[in-house]
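What follows is each chain in one-letter form.
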Amino acid sequence: MDESERLGERFEEHRTRLRAVAYRMLGSVSEAEDAVQEAWLRLDRAGAGDVENLGAWLTTVVARVCLNTLRSRERRREDPLGLRMPDPIVGREGGIGPEGEAVLADSVGLALLVVLETLTPAERLAFVLHDMFAVPFEEIASMIDRSPAAARQLASRARRRVRGQAPAPDPDLARQRDVVDAFFAAARDGDLGALVAVLDPGVVLRSDGGAARARHTVVITGARDVAEQALTFGRLSPLARPALVNGAAGVVVAAHGRPLSVMAFTVTDGRIVAVDVLSDPDRLDGLDLTVPRPPPSPN
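What you are looking at is a predicted structure, and each value in this text was computed from that prediction instead of being measured.

Closest axis-to-axis distance for the helix α2 (residues 15-26)/helix α4 (residues 54-76) pair is 10 Å, and the angle between their directions is 20 degrees. When the axes of α2 and α4 are compared, the pair comes out roughly parallel. As for how α2 packs across α4, the hand of that crossing is right-handed. Together, Arg17, Leu18, Val21, Ala22, Met25 and Leu26 of α2 and Leu58, Thr59, Val62, Ala63, Cys66, Leu67, Thr69, Leu70 and Arg73 of α4 make up the contact between the two elements.

Here we come to the nonpolar core. Ranked by internal contacts, the top residues of the largest apolar core, which has 64 residues, are Leu125 and Ile140. Residue contributions to this core peak at 9 residues, all from α4. Residues Leu199, Ala240, Val253 and Val275 belong to the second largest nonpolar core, which totals 28 residues.

On to the packing of aromatic side chains, then. Evaluated as defined, the whole model comprises 4 aromatic pairs. Measuring from ring centre to ring centre gives 5.3 Å for Phe183 and Phe265, while their planes differ by 65 degrees; the resulting arrangement is edge-to-face. In this pair, Phe183 is assigned in helix α10 (residues 173-189) and Phe265 in strand β6 (residues 258-268), connecting sequence segments 82 residues apart. Phe183 gets classed as buried once you look at its relative accessible area, which sits at 1%. The exposure class of Phe265 is buried, given its relative accessible area of 2%. Ring geometry for Phe184 against Phe265: centres 5.8 Å apart, planes inclined by 70 degrees, an arrangement best described as edge-to-face. With Phe184 in helix α10 and Phe265 in strand β6, the pair connects residues that are 81 residues apart, well separated along the chain. Accessibility assignment for this pair places Phe184 and Phe265 in one class, buried. Three or more aromatic residues joined by ring pairs form one cluster here, namely Phe183, Phe184 and Phe265.

Overall, mixed pairing links the 7 strands, which are arranged β1-β4-β5-β6-β7-β2-β3 in an open sheet. With partners counted over all chains shown, the strands left at the sheet margins are β1 (90-91) and β3 (218-221), one partner each. The pairing of strand β2 (residues 199-208) with β3 spans 4 bridges and is classified as antiparallel. Paired with Val204 across the bridge in β3 is Thr221. Running at roughly 40 degrees to strand β5 (residues 248-255), α10 makes contact with β2, β4 (240-245), β5, β6 and β7 (271-278) of the sheet. Across the sheet, helix α12 (residues 223-232) is in contact with β2 and β3; its angle to β2 comes to roughly 50 degrees.

Taken together, Arg71, Arg75, Arg76 and Arg146 make up a surface patch of like positive charges. Examined against the element boundaries, Arg71 turns out to sit in helix α4.

Cut-offs applied
Residues numbered from 1 in each chain as written. Predicted model: local features only at pLDDT ≥ 70, side-chain atom pairs only at ≥ 80, totals over all residues. Heavy atoms only, no water. Axes fitted to C-alpha atoms, helices over the stretch in contact; angles between N-to-C directions. Helix = DSSP H or I, 4+ residues; strand = E, 2+ residues; numbered from the N terminus. Parallel < 35°, antiparallel > 145°, perpendicular 65-115°, else oblique. Left-handed = near helix turned anticlockwise from the far one by under 90°. Contact = heavy atoms within 4.5 Å. Core = buried A, V, L, I, M, F, W, Y, C linked by side-chain atoms within 4.5 Å. Buried < 20%, exposed > 50% of the residue type's maximum accessible area, 1.4 Å probe, protein only. Phe/Tyr/Trp six-rings, centres within 6.5 Å; stacked < 30°, edge-to-face > 60°. Pairing = 2+ DSSP bridges. Patch = residues over 30% accessible without salt bridge, like charges linked within 9 Å, V, L, I, M, F, W, Y side chains within 5 Å. Areas by Shrake-Rupley, 256 points an atom, 1.4 Å probe, with all protein chains shown as cover. Salt bridge = Lys/Arg side-chain N within 4 Å of Asp/Glu carboxyl O. Lys, Arg positive; Asp, Glu negative; His and termini not counted. Charge placed at Lys NZ, Arg CZ, Asp CG, Glu CD.

Set out below in structure tokens:
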């Protein structure tokens, strides 16, 4: 085995962590893969002879690549309502597959990623690296040309926003599914009262329709307003296929084998606190998305 092959093997030992860092930083599967690939190219050019801690070195490279991507994205951002839905990771219930599990590593709901999209690039880097991957503030500071105290403050501001806008979901997936099923049953039946009953009073519905479906890009808050909106797509209930969306109970709405939307639900204390919807056809077509099979018909 030559030096390049040994270097490649060492890099592969860190790929899962690097992909997880990049996905949380960017909310984009393809851009995360590009960032990891860039880290490999830089390592291949530099070699690893002088690198004492390869994992830390690679994490720094990926983080800096992601930071540049976020800053570039911020400069050209033209998202309606300032809303950009991150790429969901979707799988059939019972597992999201090895690729999805590798990216997720531990639970990172779509609602959390949506909130991360509202942070500044430096806040996002500080929060993701420190709170999710235990990178010391001294190392984070050098990536953003700030002092460790300033990096700590950035993470603290991000943490307060996350806690206020992205509550932790119930850990019981079966309980999540019961609540989501009740939501769709009420929408199908046109039962406004039953819908309100499964929604938290402060629930937020965020929908990203992209440029092609700009009128579907909305942010709605409050149980009654969200319930009334849900009634308008009750007719789509028969097209909703149960799925795991970023490890939580969600659905793929599909017709004739083609996805129309992906819906992620955050269920806390038995009620829905967030509904995050991606219905941008261009984005959906670009995802590696397997449409779940319809449930079996009752006998």
